[in-house]
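# Inside the fold
For reference, the chains in residue letters:
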Amino acid sequence: MFRNYRVVFLSDATATYDYPDRGFGSMAAAEVHHAALVVLAASTAHVTSVDDMKTRMSSRSNVVAGS
């Protein structure tokens, strides 16, 4: 992002783990994952699914091949 790359983050191709309580309460992996996706989408990346990315890449390659 800082070098003007268009960053894509695949939401269903990533995972995390449960965070233990460090004085602010613990967070389950699903909560951490959701929070990370929200922050990334709001700040530095286009958050999408693997299937959506496959569709986008397929349609793009069809346009390029048809040129």
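Residues numbered from 1 in each chain as written. Predicted model: local features only at pLDDT ≥ 70, side-chain atom pairs only at ≥ 80, totals over all residues. Heavy atoms only, no water.

All right, on to the packing of aromatic side chains then. As enumerated under the stated definition, the model contains one aromatic pair in all. Their ring planes at 5° and their centres at 4.8 Å tell us that Y17 and Y19 sit as a pair that is stacked. With a relative accessible area of 38%, Y19 lands in the partly exposed category. (Phe/Tyr/Trp six-rings, centres within 6.5 Å; stacked < 30°, edge-to-face > 60°. Buried < 20%, exposed > 50% of the residue type's maximum accessible area, 1.4 Å probe, protein only.)

What follows concerns the confidence of the model for the chain. A low pLDDT score tells you not to read the predicted coordinates there in detail. Per-chain confidence: the chain averages 90 in pLDDT, with 90% of residues scoring 70 or above. Within the chain, no element has a lower average pLDDT than helix α2 (residues 50-65), which sits at 83, and none a higher one than helix α1 (residues 29-43), at 97. (pLDDT = per-residue confidence, 0-100. Helix = DSSP H or I, 4+ residues; strand = E, 2+ residues; numbered from the N terminus.)

In total, this model carries one salt bridge according to the counting rule given. Among the ionic pairs, R56 bridges to D52, the shortest N-O distance being 3.0 Å. Pair noted here: R56 and D52 are both in helix α2, with a separation of four residues, about one helical turn. Relative accessible area serves as the criterion here: at 29%, D52 is assigned to the partly exposed category. (Salt bridge = Lys/Arg side-chain N within 4 Å of Asp/Glu carboxyl O.)

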